[in-house]
Amino acid sequence: MSDFDLDAYFARIGYGGPVEPTLETLTAIHALQVAAIPFENLDPLLGRPVNLDIAPLQAKLVGSRRGGYCFELNALFKAALETLGYTVTGLAARPRWMAPPDAPLSSRTHMLLKVALPDGLYLADAGFGAQLLDAPLKLQAGVDQSTAWGEWRLTHAEGALSLAVRLPDDWQPVYIFTHEPQHPADYEMGSWFTATRPQSLFVNNLLAERLTDAFRYNLVNHKLTERARGGSAMTHTLTSAAELGEVLDKLFDIEPPEPIEAVFAKLPPAA
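Residues numbered from 1 in each chain as written. Predicted model: local features only at pLDDT ≥ 70, side-chain atom pairs only at ≥ 80, totals over all residues. Heavy atoms only, no water.

## As for the environment of Thr27
Test applied: Runs of H or I in DSSP of at least four residues are treated as helices and runs of E of at least two as strands, each being numbered from the N terminus. Pairs of residues are marked as contacts when any of their non-hydrogen atoms sit within 4.5 Å.
Position of Thr27 relative to the elements: it lies in helix α2 (residues 23-36). With 110 residues separating them in the primary sequence, Thr27 and Leu137 have C-alpha atoms 9.3 Å apart. Those residues within four positions of Thr27 in sequence are excluded, and the remaining contacts are Ala135 and Pro136.

So this is what it looks like as structure tokens:
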């Protein structure tokens, strides 16, 4: 992609290593993107449009202190990887995070990537905001795979693949997907539905997550959770716009596109 500014992207995520399209490079970039460019849904929450074209994506995610949701984060990731020479296929998944086992399948509203390397296929995903993945996973079912931040498992599920992560009590399904390639029009439709449907989670709640080498920061409306790698979680309830602004600034490295008072006013009442 000749119009992708790889140098600016590397500066944004803090990467200065090899640029050969290897697993090592993919793993390093994957970890650095989720640490530097947070998951956040401020635009849908504030009724602002989400543009998946690469120029506005770079301006938002690389040129400013903003993040995005899966369609934005993984579109940026895909552009960077293709510029480096990787063979990347965009896929779509049906989220299953915290859904009852008998719940009907959701629509395909999550973007993820399949990366072909000499030793096989890998799943790369820098944008699942409920449980950010810190490293690529081999696209191989039935084998538990460990990353710095957790243990993951792919299984076959009725003609699809199901991704699950180990939580303290049990394995938690994350999403299900197939190998069917997706086109830009598929992502445009999924993103529009996600960002504009009146009942959408992203329209009615503030969500943010950032995963660094040492901490996982997760924000759901007024509730902030900080978890140290290998340690327990600490939670805190935000009670003012000023406190929310400080958290977005200091922990998530986000500068909201509108005054923080406007963001705070959009939050549902604290539980």
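## Describing helix α1 (residues 6-13)
We count it as follows: Burial classes: relative accessible area under 20% of the type maximum marks a residue as buried, over 50% as exposed, and values in between as partly exposed (1.4 Å probe, protein chains only). This arc describes the spread of directions from the helix axis toward the C-beta atoms. Polar contacts, as used here, are pairs of N or O atoms within 3.5 Å; protein pairs need one atom able to donate a hydrogen and one able to accept it. Residues neighboring in sequence count only if both atoms are side-chain atoms.
Among all positions of α1, only Leu6, Tyr9, Phe10, Arg12 and Ile13 are buried. Viewed end-on, α1 has its buried residues packed into an arc of 160°, placing them on one side of the element. Within α1, the exposed residues directed more than 90 degrees away from the buried face are Asp7 and Ala11. On the buried face of α1, the contacting elements are α2, α4 (54-62) and α5 (70-84). Measuring from the side-chain oxygen of the N-cap residue of α1 to the backbone nitrogen of Asp7 gives 3.4 Å; that N-cap residue is Asp5. At the C-terminal side of α1, Gly14 shows a positive phi close to 80°.

## Regarding the packing of aromatic side chains
Pairs of aromatic rings are described using the distance from one ring centre to the other and the angle between the two planes. Let me state the cut-off plainly: The criterion for an aromatic pair is that two Phe, Tyr or Trp rings (for Trp, the six-membered ring) have centres within 6.5 Å, with stacked assigned to planes under 30 degrees apart, edge-to-face to planes over 60 apart and tilted to the rest. We call a charge positioned over a ring when the NZ of a Lys or the CZ of an Arg lies within 6 Å of the ring centre and within 35 degrees of the ring normal.
Inspection of the entire model under this criterion finds 11 aromatic pairs. Taken together, a centroid distance of 6.0 Å and an interplanar angle of 70° make the contact between Tyr175 and Phe177 edge-to-face. Judged on exposure class, the residue Tyr175 and its partner Phe177 are both buried. Relative to Tyr217, the ring of Phe215 lies with its centre 5.6 Å away and its plane at 15°, an arrangement referred to as stacked. The buried category is assigned to Tyr217, whose relative accessible area is 11%. An aromatic cluster is built from Phe39, Tyr69, Phe71, Tyr187 and Phe202, whose rings are joined through pairwise contacts. The ring centre of Trp171 lies 4.0 Å from the NZ or CZ of Arg153, which sits over that ring.

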